[in-house]
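Tertiary structure, described
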Amino acid sequence: MAGATTLGDLASAVAARTHGEAAVVAELKAGSEAAYAWLIGEFQQPVFGLVYRIVNDPADAADTTQDVFLKVFRGMKHFHGESSLKTWIYRIALHEAANRRRWWFRHKARETSIEPSEPEAPNGMDRTMQAALTDHADSPFDNVAHHEVQQRVEQELRGLPEPYRTTLILRDLEDMSYEEIAEVLEISLGTVKSRLTRGRELLRQRLTPYVREVGNELGLAAPEPELSLGSRVTGGGRRVEVIS
């Protein structure tokens, strides 16, 4: 009986969330300013973080995020609830970020930039990555070492080919479920899992030479074959997550 009650409570909670989202969507379609304010407050930072990890430029990420919400506002009348609101918005964000990245390679990459080659992420958008790398009890040297590892992991992640890079970002940085990733990318669960496996292996291969080169200096052990974005490297007797 207790089990039945728990399941009933869970079903009620799910139904309430579904109804709540349906009500918000109805308000959005009706042009409610309050609903749009809620939408921006709820999704602006996550969308910016996702886009930034793909385009790797704060200004481009900000412009692209603005484009995403314009697409969302204009396309709301075409949203019929086949997926969750989050899934739909993330799908638009990935599409716009991919377009921006392609444009960058065609045009902006040809220009000589006077900006730093690796700009700092604004507004602490990479807190997840930083928190995963940093042990707050570390010495100043440890913190510098961890920051160096973080930058190298980010660099190698950016170098992964699609579709592996986006799949790893959604799973290991955005912490989306396999089901959510399948909906966003419009692929099967089996494809999600195979892309994650292959992407993590490619990342391991890219990181191994670096760890072997600086491992002794930074106190890192060479990656094991199963190293992934969610796995760990050992440093100075301490286990440090590469990316959570």
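Definitions and limits used
Residues numbered from 1 in each chain as written. Predicted model: local features only at pLDDT ≥ 70, side-chain atom pairs only at ≥ 80, totals over all residues. Heavy atoms only, no water. Helix = DSSP H or I, 4+ residues; strand = E, 2+ residues; numbered from the N terminus. Buried < 20%, exposed > 50% of the residue type's maximum accessible area, 1.4 Å probe, protein only. Contact = heavy atoms within 4.5 Å. Salt bridge = Lys/Arg side-chain N within 4 Å of Asp/Glu carboxyl O. Axes fitted to C-alpha atoms, helices over the stretch in contact; angles between N-to-C directions. Left-handed = near helix turned anticlockwise from the far one by under 90°. Nonpolar A, V, L, I, M, F, W, Y, C, P; charged D, E, K, R; others polar. Core = buried A, V, L, I, M, F, W, Y, C linked by side-chain atoms within 4.5 Å. Polar contact = N/O pair within 3.5 Å; in protein donor to acceptor, adjacent residues only side chain to side chain. Expected span 1.5 Å × (residues − 1). pLDDT = per-residue confidence, 0-100.

Take the overall build of the protein chain next. When helices and strands are tallied, the protein chain shows nine helices and two strands. Going residue by residue from the N terminus, the α and β elements of the protein chain occur as α-α-α-α-α-α-α-α-α-β-β. Expressed as a percentage of its 244 residues, the buried residues of the protein chain come to 40%. Contacts in the protein chain between residues at least 24 apart in sequence constitute 62% of all its contacts with a sequence separation of at least 6.

In this section: the pattern of salt bridges. Scanning the model with the defined rule gives ten salt bridges in all. Among the ionic pairs, Lys71 bridges to Glu96, the shortest N-O distance being 3.8 Å. Of this pair, Lys71 sits in helix α3 (residues 58-75) while Glu96 is found in helix α4 (residues 85-106), placing the two residues 25 residues apart along the sequence. For Glu96, a relative accessible area of 11% gives the class buried. Put simply, Asp60, Asp67 and Arg100 are held in one network by salt bridges that share partners.

Here we come to the packing of helix α2 (residues 33-55) against helix α7 (residues 164-173). The N-to-C vectors of α2 and α7 enclose an angle of 145 degrees; their axes lie 11 Å apart at closest approach. Two packed elements cross with a definite hand, and for α2 against α7 that hand is right-handed. The residues of α7 that touch α2, namely those facing Leu50, Arg53 and Ile54, are Arg165, Ile169, Leu170 and Leu173. Along the lines of polarity and charge, the residues of the contact of α2 with α7 split into five nonpolar, no polar and two charged.

As a further point, take the nonpolar core. Counting residues in each nonpolar core, the largest one holds 48 residues, and the members touching the most others are Met76 and Leu85. Contributing elements (two or more residues each) for this core: α1 (2-29), α2, α3, α4, α6 (140-158), α7, α8 (178-185) and α9 (189-218). The element best represented in this core is α2, accounting for eleven residues. Ignoring anything within four residues of it in the chain, the contact list for Leu85 reads Glu21, Val25, Leu28, Trp38, Leu39, Phe43, Met76 and Phe79.

With that settled, the discussion passes to the side chain of Thr208. Relative to the assigned elements, Thr208 resides in helix α9. Its relative accessible area of 6% is what places Thr208 among the buried residues. At 2.7 Å, the side chain of Thr208 forms a polar contact with the backbone oxygen of Arg204.

As a further point, take the environment of Leu170. When you line up the elements, Leu170 lands in helix α7. Classification of Leu170 as buried rests on a relative accessible area of 0%. Leu170 sits 26 residues away from Leu196 along the chain, and the two C-alpha atoms are 10.0 Å apart. If near-sequence neighbours (up to four positions away) are discounted, Leu170 is found in contact with Leu50, Tyr90, Leu94, Asp175, Met176, Ile181, Val184 and Leu185.

Quick look at the side chain of Thr65 now. Inspection of the secondary structure puts Thr65 in helix α3. A relative accessible area of 4% means that Thr65 is categorised as buried.

As a further point, take unusual backbone geometry. Pro163 follows Glu162 through a cis peptide bond whose omega is 10 degrees. One non-glycine residue, Glu186, lies in the positive phi region at around 55 degrees. Considering the arrangement of structural elements, one finds Glu186 in the loop between α8 and α9.

Below, the discussion takes up α3. Across its 18 residues, α3 extends 25 Å between first and last C-alpha, which sits within 8% of the 26 Å expected from 1.5 Å per residue. Of all the residues in α3, the buried ones are Pro58, Asp60, Ala61, Thr64, Thr65, Val68, Phe69, Val72 and Gly75. The N-capping residue of α3, defined by a side-chain oxygen 3.1 Å from the backbone nitrogen of Ala59, is Asp57.

Here we come to the confidence of the model for the protein chain. The share of residues in the protein chain with pLDDT of 70 or more is 62%, and the mean pLDDT across the chain is 73. Within the protein chain, α8 carries the highest mean pLDDT (94), whereas strand β1 (residues 232-235) carries the lowest (38). Low pLDDT (under 50) marks residues 1-18, which in the prediction has zero contacts with non-local residues, meaning those over four places away or in another chain. Scored below 50 in pLDDT, residues 230-244 makes 48 contacts in the model with residues more than four places away or belonging to other chains.

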